[in-house]
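Remarks on the overall topology
So you can see what is in the structure, the chains are spelled out below.
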Amino acid sequence: VSTLPAAAIDPPQPVDPAFTAALADVARGVEALLDHLLPVPAGGEARLVHAMRDAVLPGGKRLRAFLVVSGGAMLGVPVERSLRAAAAVEMLHAYALVHDDLPAMDDAQTRRGRPALHLAYDEATAILAGDALLTESFAILADPATHPDPAVRIALIARLTAASGTSGMAGGQVLDLGAADSDVGETDLRRLQDMKTGALLAWSAASGALLAEAPQPQVQALDEFGRWLGWAFQIADDLLDLEGDPAQVGKPLGRDDALGKATLAGLRGPDSARGESWRAVTEALGCLDLFGQKADLLRSAASFAALRRN
Ligand code: IPE
Ligand code: IPE
Ligand code: MG
Ligand code: MG
Ligand code: MG
């Protein structure tokens, strides 16, 4: 196992207050839209929609939404459109969290500072709420209000299936479960985490460029930015599981160790893992050079991914 001296790598720039304000702004916007997109119906399915709302509405950091809206704003996308793509990815992400917490997976009792959905309702409702959040996320992208050009909508949908299916989040989650028992090296771990976490963050960053119908190199640069950010983000997640403040994190700590999960902090030790997360931020920043100062809020998002306390 290679060990990188953390001191050899500079920590990222502290998060800019302008980013904190912009993130809060996106959170407000996407939560208002999610509230509008998930009306509670009159029939017996109301319980399902209540569970979906409880999964997606309270308490997320909204980093994925931020990447969509901020990347889009930088390239001139109207916020009404980018917020819809942001709502779609937040719904899909919420589904991933609900299923991740199930007894058959991480068996976690809390999420976002509240009881996990399968405890607030029951397992069957949590499974179905996840299913419906996943499915409805694609309906939002398919709606012409997201973009008038069907080719753009199809590109968003096709990329989201890749980011969340066998080659993305779900594939990464199955590797993550298997990794509990086997010997996983850094190359395997990097691939696993890129699939389970990086792919959805890359979709989020690239979708602003898709909505802008930007040239392919810009789509590609934002996708790679999201992947490096994702690597930093998951290393930070694993460090929080190991040494976070329980009052801030909002989910049970020590689960990775209890479940024998492969993490970079486990392979290298926390200090070297932190150093690698800082290196990932530097790589992420390098992907933004072609956008100049317009990308400053995205640069702060990369710092946030590594330095966050929750
Ligand atoms: C948690 O994601 C799951 C991981 C991919 C590590 P977030 O930390 O973005 O969760 P919320 O949306 O802010 O609750
Ligand atoms: C899960 O990773 C990532 C997902 C695809 C949901 P973790 O299992 O580490 O996420 P947390 O720590 O429960 O949020
Ligand atoms: Mg998990
Ligand atoms: Mg988990
Ligand atoms: Mg975790």
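All values derive from a computational prediction rather than experimental measurement.

Right, let's get into the coordination of the magnesium ion (ligand 4). Distances from the magnesium ion (ligand 4) to its protein donors, D100 (OD) and D106 (OD), fall at 2.0 to 2.1 Å. The distance between the magnesium ion (ligand 4) and the magnesium ion (ligand 3) comes to 3.1 Å, with D100 serving as a donor to both metals. On the basis of relative accessibility, which here comes to 12%, the residue D100 falls in the buried class.

Bringing the packing of aromatic side chains into the picture now. As enumerated under the stated definition, the model contains two aromatic pairs in all. Where F19 meets F66, the ring centres are 4.8 Å apart and the plane angle is 75°; that geometry is what we call edge-to-face. Of the two residues, F19 is situated in helix α1 (residues 17–37) and F66 in helix α3 (residues 63–74); the sequence distance between them amounts to 47 residues. With respect to burial, F19 and F66 carry one shared label: buried. Aromatic pair F19 and F304: ring centres 5.2 Å apart, planes at 45°, arrangement tilted. With F19 in helix α1 and F304 in helix α15 (residues 296–307), this residue pair connects regions lying 285 residues apart in the sequence. Here F19 and F304 have matching classes, each one buried. Feature note: the residues F19, F66 and F304 constitute an aromatic cluster, connected by ring pairs. Sitting over the ring of F233, R308 keeps its end group 3.7 Å from the ring centre.

Turning our attention to unusual backbone geometry. Positive phi is not limited to glycine here, since D107 has a value of about 50°. By relative accessible area, which is 33% here, D107 ends up partly exposed.

This part covers the nonpolar core. With 91 residues, the main nonpolar core has V56, L117, L133, W203, L222, F225 and L229 as its most contacted residues. The dominant element in this core, judged by the number of residues it contributes, is helix α4 (residues 79–101), at 12 residues. Residues in contact with L222, not counting those within four places in the same chain, are M74, L75, A205, A206, A209, L288, F291 and L298.

Before going further, it helps to spend a moment on the site of ligand 1. Around ligand 1, the surrounding shell consists of G60, K61, R64, H93, L97, R112, T197, F233, Q234, D237, K251 and R308. K61 is positioned such that a nitrogen or oxygen atom in its side chain is 2.5 Å from an oxygen atom of ligand 1. Interatomic distance of 2.7 Å between a side-chain N/O atom of R112 and an oxygen atom of ligand 1. Relative to its unbound accessible area of 390 Å², ligand 1 is 89% covered by the protein chains. Put simply, the parts of the chain that give the shell around ligand 1 at least two residues each are α4 and α10 (216–243). Here the shell around ligand 1 gets three residues from one element, more than from any other, and that element is α10. Residue composition of the shell around ligand 1, by class: two nonpolar, four polar and six charged.

What counts, and where the lines are drawn
- Residues numbered from 1 in each chain as written.
- Chains lettered and ligands numbered in written order.
- Predicted model: local features only at pLDDT ≥ 70, side-chain atom pairs only at ≥ 80, totals over all residues.
- Heavy atoms only, no water.
- Donors = N, O, S within 2.8 Å, 3.2 Å for Na, K, Ca; no water.
- Buried < 20%, exposed > 50% of the residue type's maximum accessible area, 1.4 Å probe, protein only.
- Phe/Tyr/Trp six-rings, centres within 6.5 Å; stacked < 30°, edge-to-face > 60°.
- Helix = DSSP H or I, 4+ residues; strand = E, 2+ residues; numbered from the N terminus.
- Lys NZ or Arg CZ within 6 Å of the ring centre and 35° of its normal.
- Core = buried A, V, L, I, M, F, W, Y, C linked by side-chain atoms within 4.5 Å.
- Contact = heavy atoms within 4.5 Å.
- Near = heavy atom within 4 Å.
- Polar contact = N/O pair within 3.5 Å; in protein donor to acceptor, adjacent residues only side chain to side chain.
- Areas by Shrake-Rupley, 256 points an atom, 1.4 Å probe, with all protein chains shown as cover.
- Nonpolar A, V, L, I, M, F, W, Y, C, P; charged D, E, K, R; others polar.

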